[in-house]
Amino acid sequence: MFGQARIKLTIWYVGIILIISTFFSVAFYNSSTREIDRIVDRLQFEKIREESGMPSFRRPPGGPSIEELLSYKERMRLTLLIVNGIILLFSAGAAYILSGRTLRPIKVMVDEQNQFISSASHELRTPLATLRTEMEGHLLEKEITDQQARNLIKSNLEEIERLQGLSNNLLRITQVQELTNSTFEDISVSEVLEAAIAKVLPLARKKNILLVTKTKESIISGDKLSIVEVFVILLDNAIKYSPKKSEVSVVVHKNQKQVVIAIKDNGIGIAEKDKVKIFERFYRADSSRTVTDGYGLGLSIARKTIEKHNGSIQVTSTLNKGSLFEVKFPRIA
Ligand code: ADP
């Protein structure tokens, strides 16, 4: 498909270049030969007068003959043809390279989309298969007790919850792509952090994890709900990947241009080889798979959102010791 598109685009590029170069060649040829034609006409007129014995104007000595002028015209035509041929060859090569470059980002995007669809389908398959197997298994039973039915419903609900979580995440991915700063408002970092902490507090309490915050008032420009979501993702991860009765801290500090929000935990940590990959869609480090369920979408949503706000995110981590995620946003105040 891309090969064909590349050839088509090359033909278009070459066609356009050829039209332009032919137009200029014809214009150049016509303007250059107009004067030659005038001289040839005059020389032919004089020749006829001479041949018929009529008095003629004296030709300047050493001037070009009619044959020389006509051969000069012929040479010019040939030169222009060769030049256009060279332009055609050169432009075909250049257009082929250029069309490849033009199409490469589109190819990368389509490849990413395909990869995304296949990963999403893969993630959808697991809960759907579990739902089906469990229900089919119970259908085969002659009788099921009230308790068994309840257990089945409970397990089905867990799988449905998983599916809902996945579909919400998939939806968020497309929504984040559409974020534009035309809808951004001034938001207080402390306020969004407070909202995010309120959301993860039940999970922290469940694991007896202490949330320590040290904030500094600062204002950034952004989409409030999306920024809250970024901190929910980071705090949720910090809690998820930490042992019970540990500590997660949130520290805010400002420099001249930015506000830096650091979220630190004492959890399982991230191996060196995973540090870049964890921001990719559907990537989960092996160590985390055994700890908790997830889709590997949170950090990719967080990073995209942060980038849409002209910010950045980086991670420092030591395996089995803990991780530090630092988010930087340009600050207004
Ligand atoms: P999920 O948590 O659903 O797997 P994320 O995209 O939020 O997806 O995170 C991707 C991966 O990054 C996780 O699976 C985990 O391996 C790693 N990770 C993220 N945050 C932490 C953390 N605080 N400590 C250890 N590993 C983490």
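The structure contained in this document is the topic of the report that follows. This one's a predicted model, so the numbers in the text were calculated from it and none came from an experiment. (Residues numbered from 1 in each chain as written. Predicted model: local features only at pLDDT ≥ 70, side-chain atom pairs only at ≥ 80, totals over all residues. Heavy atoms only, no water.)

**Regarding helix α4 (residues 189–206)**
Working step 1: With 18 residues, α4 ought to run about 26 Å at 1.5 Å a step, and its terminal C-alpha atoms sit 26 Å apart, in line with that.
Working step 2: Maximal helix bending in α4 amounts to about 45°, located at V200; proline P202 follows within four positions.
Working step 3: Among all positions of α4, only V189, S190, V192, L193, A196, I197, V200 and A204 are buried.
Working step 4: Those residues of α4 that are buried lie in contact with β1 (185–188), β2 (210–214), β3 (219–222), α5 (224–240), β4 (247–254) and β5 (258–264).
Working step 5: Trailing α4 by a residue or two, N208 shows a phi angle of about 60°, which is positive. (Helix = DSSP H or I, 4+ residues; strand = E, 2+ residues; numbered from the N terminus. Expected span 1.5 Å × (residues − 1). Bend = angle between axes of the 7 residues up to and from the residue. Buried < 20%, exposed > 50% of the residue type's maximum accessible area, 1.4 Å probe, protein only. Contact = heavy atoms within 4.5 Å.)

**Describing a nonpolar patch on the surface**
Working step 1: A surface patch of nonpolar side chains, about 620 Å² in accessible area, is lined by W12, I16, I20, F23 and F24.
Working step 2: Position of F24 among the secondary structure elements: in helix α1 (residues 2–51). (Patch = residues over 30% accessible without salt bridge, like charges linked within 9 Å, V, L, I, M, F, W, Y side chains within 5 Å. Areas by Shrake-Rupley, 256 points an atom, 1.4 Å probe, with all protein chains shown as cover. Salt bridge = Lys/Arg side-chain N within 4 Å of Asp/Glu carboxyl O.)

**Some words on the sheet that holds β4**
Either a parallel or an antiparallel arrangement is found when strands of a sheet pair, and the pairing is made through backbone hydrogen bonds.
Working step 1: In spatial order, the strands read β2-β4-β5-β7-β6; together these 5 strands make up an open sheet with mixed pairing. Strands at the two margins of the open sheet, each flanked by one partner only, are β2 and β6 (312–318). Put simply, the sheet's adjacent strands are angled 15° from each other on average, direction ignored.
Working step 2: Bridge count between β4 and β5: 6 bridges; the pairing is antiparallel. Among the inter-strand pairings, V251 is bridged to a residue of β5, identified as A262. (Pairing = 2+ DSSP bridges. Axes fitted to C-alpha atoms, helices over the stretch in contact; angles between N-to-C directions.)

**A look at the packing of aromatic side chains**
Working step 1: Per the stated rule, a full pass over the model turns up 3 aromatic pairs.
Working step 2: Ring geometry for F116 and F282: centres 5.7 Å apart, planes at 40°, overall tilted. Of the two residues, F116 sits in helix α2 (residues 66–140) while F282 sits in the loop between β5 and α6 (286–291), which places them 166 residues apart along the sequence.
Working step 3: For the ring pair F279 and F325, a centre distance of 6.5 Å and an interplane angle of 75° mean the geometry is edge-to-face. Pair noted here: F279 is in the loop between β5 and α6 and F325 is in strand β7 (residues 322–330), with a separation of 46 residues, a long-range link. Per residue, the accessibility class of F279 equals that of F325, and both read buried.
Working step 4: If you follow R6 out to its NZ or CZ, it ends over the ring of Y96, 3.9 Å from the centre. (Phe/Tyr/Trp six-rings, centres within 6.5 Å; stacked < 30°, edge-to-face > 60°. Lys NZ or Arg CZ within 6 Å of the ring centre and 35° of its normal.)

**Topic: the site of the ligand**
Working step 1: Near the ligand lie 21 residues; those nearest to it are N237, Y241, R284, S288 and L299.
Working step 2: Here Y241 contributes a side-chain N or O atom positioned 2.7 Å from an oxygen atom of the ligand.
Working step 3: Between an oxygen atom of the ligand and a side-chain N or O atom of S288, the distance comes to 2.8 Å.
Working step 4: Notes on the ligand: free accessible area 530 Å², of which the protein chains cover 97%.
Working step 5: Every element with two or more residues in the shell around the ligand is listed here: α5, α7 (298–308) and β7.
Working step 6: In terms of residues, the shell around the ligand owes the most to one element, α5, which gives 3 residues.
Working step 7: Residues that form the shell around the ligand fall into these classes: 11 nonpolar, 7 polar and 3 charged. (Near = heavy atom within 4 Å. Polar contact = N/O pair within 3.5 Å; in protein donor to acceptor, adjacent residues only side chain to side chain. Nonpolar A, V, L, I, M, F, W, Y, C, P; charged D, E, K, R; others polar.)

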